Amino acid sequence: MAIIADPGEEREWVLSPAGPAVPRVEAVAMPARRPEGDPAPTLNLGLARPGALDTLEWQPAERRAPGPDEIEIEIAATGLNFRDVMWAQRLLPAEALEDGFAGPTLGMECAGTVTRAGNASGFEPGDRVIAFAAQAFASHATLPALAASRLPEETSFETGAALPTIFLTAHYALVELARLSPGETVLIHGGAGGVGLAALQIARSRGAVVYATAGNPLKRRMLELLGAEAVFDSRSLRFTHELRAATEGEGVDVVLNSLAGEAMIRSLDLVRPFGRFIELGKQDYYANSRLGLRPFRRNISYFGVDADQLVSVRPELAERMFADLATRFADGSYTAPPIQVYAHDEVVDAFRLMQKSDHIGKVVVRAPEVPSGTLPVERSLGTGAWLISGGLGGLGLATAEWLIEQGVRTVWLISRSGRPRAEIAGRLNALRQRADVRIIAADVTDTAAMADAIGKIAVDGGRLEGVVHAAMVLEDALIADLTLEAANRVLKPKVEGARVLDELTRPLAPAHFVLFSSVTSLFGNPGQAAYVAANTALESLAHQRRAEGLPALAIGWGPIADQGYLAREEDLRDQLERQLKGGLMQTAEVLEAFGRLIRAPETPASVAYAPMRWGTLAGDLATVGAPLFERVDRTVQQGPASAQDFLDEIAGLDDGPARDRIIAALVAETARILRQPEGEIDAYRPMTELGFDSLMAVDLKLSAEEQLGISLPLMSLGEQMTLADLAIKVLGRIRSGQAAQEEAEVDNVVARHVGIAGLDDQVVEEVLSGVNRTGRGPAG
């Protein structure tokens, strides 16, 4: 009685013999896919929002057992490369990585301990190794044995993770391709980076004279101490004149290049007759930059090097070089470069450091730990029949397609009309080529009709393996306008249909009983009270069945853009996207989640799967501010909730305040990128003096475009550009966009009021030109 009299801030209480309790919404990781008896899943590094380094996070993923010629390793440390930073920022197209050994993933080199080994791999569990691996930013990786080499006991995993890419790249470039000989000269660009320091060692071991470039005085001093003949500034084109002076006008025999644009062209001009130019960068390749042929009249050889492709296309050569490098490390000919080590939860800092090129040597990230032991065996989809109510609807039919792809061979589709829409006929025909697909015309709320249908399944289809209740009706209305008849039209298909399926399928004991709900059952949705109530009832039924020891799972989906009701109702789709402040899901993503959830024994009776921004949602729905949601992140994002919000705000301001508001937004983004307090960002200093380089400028460009909703040409971020200058450009673009919109609106008004559709084209042009000149109405 005390709780009833004074419930406090809580809106819901559960009273049971165990005592009072309150519900809480909590974000949990998706269960990972795993074969029977497989160990705990791996954790892979991914991006919650493509292109945004701040959203790097460790995500559970499937773990694969090794084949006969493969090994699985528990990763201790992973080497970071510019390739990873550029891929994370969306600066490389997929083709830049898809031909390589690691593919379009984050990370390609690591060190760790063998956990499982194929019988023809040559390794044993417990062996310490360094390796090339796809998705090497992970806790575990499975890879070909030839891509790994044993790591000496005296070498740490962090040091080992720093070695594979840089030394294989430098060795292949200078030894295999350039055939660098004693007395020859070589220019190494970016000499203080990992590849540069490896190349310095290799070149000096072969008796070559080394020149180098680096981005700051500290790095240049270090390279001189390590034996470079002379070191120049890589951020200025003066290095071309200074190198010619240092070599008495001769130039060099070999250039190991990582610079782009004009610096690359100037470097090619430095190559002596019969010299070799070796390109390590990727930017000019995928920009399809032009390179004149004139320098090649001097018998110059050009090579493009990508160690990732080397391991993929020439594995035998990579294996031979790997073994040679291991020998040279063992005898002391080569030593590891300086390394900067980051913990797994500092991975964003590591990417930011490399983005700014502030590192010396190699950046290494320690891998996250995962629980040891094995997880429960995942649940099978079985060999029996699956029944899907609402089976001819968008998500219902897509679920049938997914089940058949997984090997299910009997699917019964329940539909009230039993008549497929013309647009899905082709999909149904394709399914019938692969499985026994039956369509049953029955109202899922009609007990007699459903008893007859389920009886047929028992006779014709054998065992009933699973039930998916996907039937639904939407009919929006505010509560004040909601009639009993309208509410029943929404409630009956879900609630009564679920009750009928629960009652009639119990004797057949299906292993899966899945109810499709909605994420809005967590917080409500204005205009859809009946729909929210119906989904809440489904979740209650799932909990009731679980309490009785029966299988049940209610999944509250977020909005799905490309199937079903929302695919047809654009206005509702747009409304939900604005209200939920998150992206709409695609069917492929939903079905992947469906498979993981129904297979995992640990999945609770009721879950929601949806992209959510709880902080911004709380601004629209007071319920999200309740204690029910205290375990989710309700931090309100700084700045505008959307690009359109920002544009609307700017549209209502005079130019001075509008410019100041844009400056504040750019300062906030700059502070995030530079990882500095906003108070230390001077909007009137050149961006290069703030610490920006080209990669960071791209980061600001992408972020500003998302926040401000306009396109910024990268060329506008010039050397002397300040944030204040950029704000003026932004404001100009916003204002020009507003003017164009207003002009279009005037044109539309004129078209409606003077009957343009029936007028001669010349008359139309005169009318519109008169309006656009005067801004008041039709001319004359």
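This one's a predicted model, so the numbers in the text were calculated from it and none came from an experiment. (Residues numbered from 1 in each chain as written. Predicted model: local features only at pLDDT ≥ 70, side-chain atom pairs only at ≥ 80, totals over all residues. Heavy atoms only, no water.)

Q: Explanation requested: the pattern of salt bridges in the structure shown.
A: For side chains of opposite charge, pairing can occur when their charged atoms come near one another. In total, this model carries 32 salt bridges according to the counting rule given. Among the salt bridges present, the one from Arg64 reaches Glu70, with a minimum N-O distance of 3.0 Å. Of the residues examined, Glu70 reaches a relative accessible area of 17% and is grouped as buried. The salt bridge involving Arg596 is made with Glu592; its shortest N-O contact spans 2.8 Å. Note that Arg596 and Glu592 are positioned in helix α21 (residues 587-599) at a spacing of four residues, about one turn of the helix. Residue class for Arg596 comes out buried when judged on its relative accessible area of 18%. Its relative accessible area of 38% is what places Glu592 among the partly exposed residues. Taken together, the shared-partner salt bridges connect Asp502, Arg506, Arg545 and Glu548 into one network. (Salt bridge = Lys/Arg side-chain N within 4 Å of Asp/Glu carboxyl O. Buried < 20%, exposed > 50% of the residue type's maximum accessible area, 1.4 Å probe, protein only. Helix = DSSP H or I, 4+ residues; strand = E, 2+ residues; numbered from the N terminus.)

Q: Please clarify how the sheet that holds strand β24 (residues 606-609) should be interpreted in this entry.
A: By definition, the strands of a sheet pair up through backbone hydrogen bonds, in either a parallel or an antiparallel sense. The strand order across the open sheet formed by seven strands is β20-β19-β18-β21-β22-β23-β24, and the pairing between neighbours is parallel. Of all strands in the sheet, those with a lone pairing partner are β20 (436-441) and β24, marking the two edges. With direction set aside, neighbouring strand axes in the sheet form an average angle of 20°. Note that strand β18 (residues 385-389) and strand β19 (residues 410-415) share four bridges and pair parallel. Counted as the bridge partner of Leu387 is Trp412 from β19. The sheet strands contacting helix α14 (residues 394-405) are β18, β19, β20, β21 (464-469), β22 (512-518) and β23 (553-557), and the helix crosses β18 at an angle near 165°. (Pairing = 2+ DSSP bridges. Axes fitted to C-alpha atoms, helices over the stretch in contact; angles between N-to-C directions. Contact = heavy atoms within 4.5 Å.)

Q: Please clarify how the pairing of strand β8 (residues 140-144) should be interpreted in this entry.
A: Of all five residues making up β8, four are buried, and the element is well covered by its neighbours. For strand β5 (residues 70-80) and β8, the ladder comprises five bridges, and the chain directions are antiparallel. If you follow Ile71 over to β8, its bridge partner there is Leu143.

Q: I would appreciate a short explanation of the sheet that holds strand β11 (residues 209-214) in the present structure.
A: Ordered by their spatial adjacency, six strands build an open sheet running β12-β11-β10-β13-β14-β15, and the pairing between neighbours is parallel. Across the chains shown, the open sheet's two edge strands, defined by having one partner strand only, are β12 (230-233) and β15 (301-304). If you compare each strand with its neighbour and ignore which way they point, the axes differ by 15° on average. Across the face of the sheet, helix α6 (residues 194-205) comes into contact with β10 (185-188), β11 and β13 (252-257) while running at roughly 170° to β10. Running over the sheet, helix α8 (residues 239-246) touches β10, β11, β12 and β13 and is turned about 160° from β12.

By themselves, these observations are geometric and do not establish any function.
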